[in-house]
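Topology and contacts: notes
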Amino acid sequence: MSTTDVVAEVSAWLEANWDPDLTVAEWWERLGTSGWAVPSWPEEWFGKGLPRAEALRVAQAIADFGALAAPGGLGTLLAGPTIYSHGDDDQKRTYLRDIVTGKQAWCQLFSEPGAGSDLAGLNCKAEKDGDEWVVNGQKVWTSGGHWSDLGMLLARTDPDVPKHQGITWFAFDMHQPGVEVRPLKELTGQAIFNEVFLTDARVATASLIGGRNNGWAVANTTLGHERASLGSGGTTRGGSAVPGTIGGNLSRRAGDFAPTPAASTKGSGRSSGSRGGAMYDVIVGIAKGNGKSQDALVRQDLVRLYSLSEIGRVSAERVKAARAAGTDIAGMANIAKLSMSMIVRLTRDLGLRVVGNQGMLHGYDQAEREVVASATGNPFLNAVTNTALYAQAPPIYGGTDQIQRNIIGERVLGLPKEPGNERDTPFSQLPKNA
Ligand SMILES: Cc1cc2nc3c(=O)[nH]c(=O)nc-3n(C[C@H](O)[C@H](O)[C@H](O)COP(=O)(O)OP(=O)(O)OC[C@H]3O[C@@H](n4cnc5c(N)ncnc54)[C@H](O)[C@@H]3O)c2cc1C
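Our subject in this report is the structure included herewith. (Residues numbered from 1 in each chain as written. Predicted model: local features only at pLDDT ≥ 70, side-chain atom pairs only at ≥ 80, totals over all residues. Heavy atoms only, no water.)

**Considerations on the overall build of the chain**
Tallying secondary structure elements over the chain gives 12 helices and eight strands in all. For 434 residues, the compact-globule estimate of 2.2 N^0.38 gives 22 Å, and the chain sits close to it at 23 Å. Taken along its principal axes, the extent of the C-alpha atoms in the chain is 70 × 55 × 50 Å. By the burial criterion, 45% of the 434 residues in the chain qualify as buried. For the chain, contacts bridging at least 24 residues in sequence account for 72% of all contacts bridging at least 6. Here the chain has roughly 20600 Å² of accessible surface; of this, 53% comes from carbon and sulfur atoms. Seen as two clouds, the 42 positive and the 46 negative side-chain charges of the chain have centres 7 Å apart. (Helix = DSSP H or I, 4+ residues; strand = E, 2+ residues; numbered from the N terminus. Rg over C-alpha atoms; globule rule 2.2 N^0.38 Å. Buried < 20%, exposed > 50% of the residue type's maximum accessible area, 1.4 Å probe, protein only. Contact = heavy atoms within 4.5 Å. Areas by Shrake-Rupley, 256 points an atom, 1.4 Å probe, with all protein chains shown as cover. Lys, Arg positive; Asp, Glu negative; His and termini not counted. Charge placed at Lys NZ, Arg CZ, Asp CG, Glu CD.)

The structure is reproduced here in structure tokens:
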């Protein structure tokens, strides 16, 4: 199918099927079972087998049409691809339909207080008890854990083998006694992620995905999809709704979540109206209004930000072209992640410089945001301070900047690996933090 065919085909399907008066659940049922919600997935499992670049064009076409986007979040992004790659047919039947139709939301129960960059050092354990496993441990930084029905759980199932070999990946039910989700408030005032405490929680052997003690390989599939999404060079700006039973959106009117024409970046396939990105536009607008656009150093950094965004866009196009030609460019996903970190830091510093001392004011909830906007006369100030406060996150999640550099050094440039005996020593005999 050519690009034009794909866009024409999904547009014709939308013409016949989009109805803003459907509930979100009804709309997602139609979209999810049509193959257009996750067109990069295999055809036999709710997709259309399209390359990633084509799938992004489909998402853009849905946004341009003004219809509510497919269910987002970690179900479609990570859990689904992991399960269709490693699950058996029963497991695919159990989980995939509810992901593409947004009936169930997922979170990623990977990181722990002592296991982030060193994920294979995780301590949360699952012990076999008949046809079930009993899970005890603590997870942290669990994005969306407070509105998730299921979790991608990594647990240690054999401590007496080297650490990468004793881990198992489970599809874990969050609705059960023994699961305590505690929100963590961020600098921005929001609470997107959580601590999750697991005490004698249970998971059936039927929910063990990809084989007992094979969780490291399965987790690498999950992480590969995470890296690919972070380095994919932009998403569409269509409407969205939190999926799952806890988010409370399934029974609401689909049209209320659909994008307005202005919010969709029609036809561009990019995430913002201008080449520099959405925050670039905001900062330029403020700088023009308060005279900072005449400051030589501000102008210099605006050009730097614009250039970095353009380099990111062109690099993403190079990767797409390479993939279309059946090759890949080693290390580009890691470089894209590093470049995103540079862009958010520069956006933070430049934005705060342009707004001046007003940057010390931040609205932590809607009421405060309105007070700040009316006191300063600047409705965009909160976008600047929110971006500045959130800028600490992208250099950490999905693998920190240092870890990206380690990967480029070891796997792309062929530098020696860090010395150690961790690959051979049983996990139970490794020295532990604390
Ligand atoms: C916004 C956000 C959302 C997240 N969402 C989730 C989620 O949904 N689910 C989930 O499981 N996790 C999530 N995480 C956790 C994230 O994956 C970890 O924070 C990340 O892997 C880093 O781990 P850590 O915080 O334990 O830091 P550490 O690994 O302790 O690192 C601390 C510092 O040491 C450096 N360092 C560590 N090891 C090395 C090394 N070998 N070489 C050089 N430097 C090193 C790091 O770069 C960092 O600067 C999220 C994090 C953020 C910020």
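**As for the packing of helix H4 (residues 74-86) against helix H6 (residues 215-230)**
The angle between the axes and the distance between the axes are what describe a pair of packed helices. Between H4 and H6, the least distance of the axes is 9 Å, while the angle of their chain directions is 135°. With respect to H6, the element H4 is oriented oblique. Considering how the two elements wind past one another, H4 and H6 form a crossing that is right-handed. When H4 is examined against H6, the residues Leu 77, Leu 78, Pro 81, Thr 82, Tyr 84, Ser 85 and His 86 are found in contact with a partner set consisting of Ala 217, Val 218, Thr 221, Thr 222, His 225, Glu 226 and Ser 229. The residue inventory of the contact of H4 with H6, partitioned by class, reads six nonpolar, seven polar and one charged. (Axes fitted to C-alpha atoms, helices over the stretch in contact; angles between N-to-C directions. Parallel < 35°, antiparallel > 145°, perpendicular 65-115°, else oblique. Left-handed = near helix turned anticlockwise from the far one by under 90°. Nonpolar A, V, L, I, M, F, W, Y, C, P; charged D, E, K, R; others polar.)

**Looking at the packing of aromatic side chains**
For any pair of aromatic rings, the description rests on two quantities: the centre-to-centre distance and the angle between the ring planes. Following the criterion strictly, the structure yields seven aromatic pairs and no others. Relative to Tyr 306, the ring of Tyr 280 has its centre 5.7 Å away and its plane inclined at 55°; by these criteria the two rings are tilted. One end of the pair, Tyr 280, is in helix H7 (residues 278-290); the other, Tyr 306, is in helix H8 (residues 296-324), with 26 residues separating them in the sequence. Given a relative accessible area of 17%, Tyr 280 falls into the buried group. Ring-pair connections join several aromatic residues into one group, and the members of that group are Trp 13, Trp 18 and Trp 27. When the ring centre of Trp 36 is taken as reference, the NZ or CZ atom of Lys 48 above it lies at 4.5 Å. (Phe/Tyr/Trp six-rings, centres within 6.5 Å; stacked < 30°, edge-to-face > 60°. Lys NZ or Arg CZ within 6 Å of the ring centre and 35° of its normal.)

**Looking at the nonpolar core**
Ranked by size, the top nonpolar core spans 28 residues in total, and within it Leu 96, Trp 106, Phe 110, Leu 154 and Trp 169 carry the most contacts. Sorting the residues of this core by element identifies H4, helix H5 (89-100), strand E4 (150-156), strand E5 (167-173) and H6 as the ones contributing at least two each. With sequence-adjacent residues up to four places away left out, Phe 110 is seen in contact with Leu 119, Lys 139, Met 152, Leu 154, Trp 169, Ala 219, Thr 222 and Leu 223. Counting residues in hydrophobic clusters, the runner-up holds 24 residues, among them Trp 18, Val 24, Trp 27 and Ala 254. (Core = buried A, V, L, I, M, F, W, Y, C linked by side-chain atoms within 4.5 Å.)

**What about the pattern of salt bridges?**
Applying the stated criterion to the full structure yields 21 salt bridges. Ionic pairing is found between Glu 132 and Arg 202, a salt bridge with its closest N-O pair at 2.7 Å. In this pair, Glu 132 sits in strand E3 (residues 132-143) while Arg 202 sits in strand E7 (residues 193-204), placing the two residues 70 residues apart along the sequence. A residue is classified by how much of its surface remains accessible, and Glu 132, at 31% relative accessible area, is partly exposed. We note a salt bridge from Lys 320 to Glu 317, for which the minimum N-O separation is 3.5 Å. Separated by three residues within a single helix, Lys 320 and Glu 317 lie in helix H8, roughly one turn from each other. With relative accessibility at 37%, the residue Glu 317 sits in the partly exposed group. Within this structure, Asp 21, Arg 253 and Asp 256 form a network of salt bridges that share partners. (Salt bridge = Lys/Arg side-chain N within 4 Å of Asp/Glu carboxyl O.)

**Re empty space enclosed by the protein**
Going through the model one piece at a time under the given rule, you end up with one cavity of 30 Å³ or more. Roughly 50 Å³ of internal volume is contained in the largest cavity. Along the walls of the largest cavity sit 13 residues, with Gly 72, Gly 75, Gln 104, Ala 105 and Pro 243 positioned nearest its centre. Among the elements that line the lining of the largest cavity, the one with the most residues is H4, at three residues. (1 Å grid on protein atoms, 1.4 Å probe; cavity = no way out; pocket = protein on both sides within 12 Å on 5 of 7 lines; lining within 4 Å. Points joined across faces, edges and corners; volume = space filled by probe spheres on them.)

**Regarding the site of the ligand**
Near the ligand you find 18 residues, and of these Ser 111, Ser 117, Trp 141, Thr 400 and Gln 402 are the closest. One of the side-chain N or O atoms of Thr 400 is found 2.6 Å from an oxygen atom in the ligand. Glu 418 has a polar side-chain atom sitting 3.2 Å from a nitrogen atom of the ligand. In the complex, the protein chains occlude 67% of the 970 Å² of accessible area that the ligand would expose alone. Taken together, the elements giving at least two residues each to the shell around the ligand come down to E3 and helix H12 (401-412). Across the shell around the ligand, the residue classes tally to eight nonpolar, nine polar and one charged. (Near = heavy atom within 4 Å. Polar contact = N/O pair within 3.5 Å; in protein donor to acceptor, adjacent residues only side chain to side chain.)

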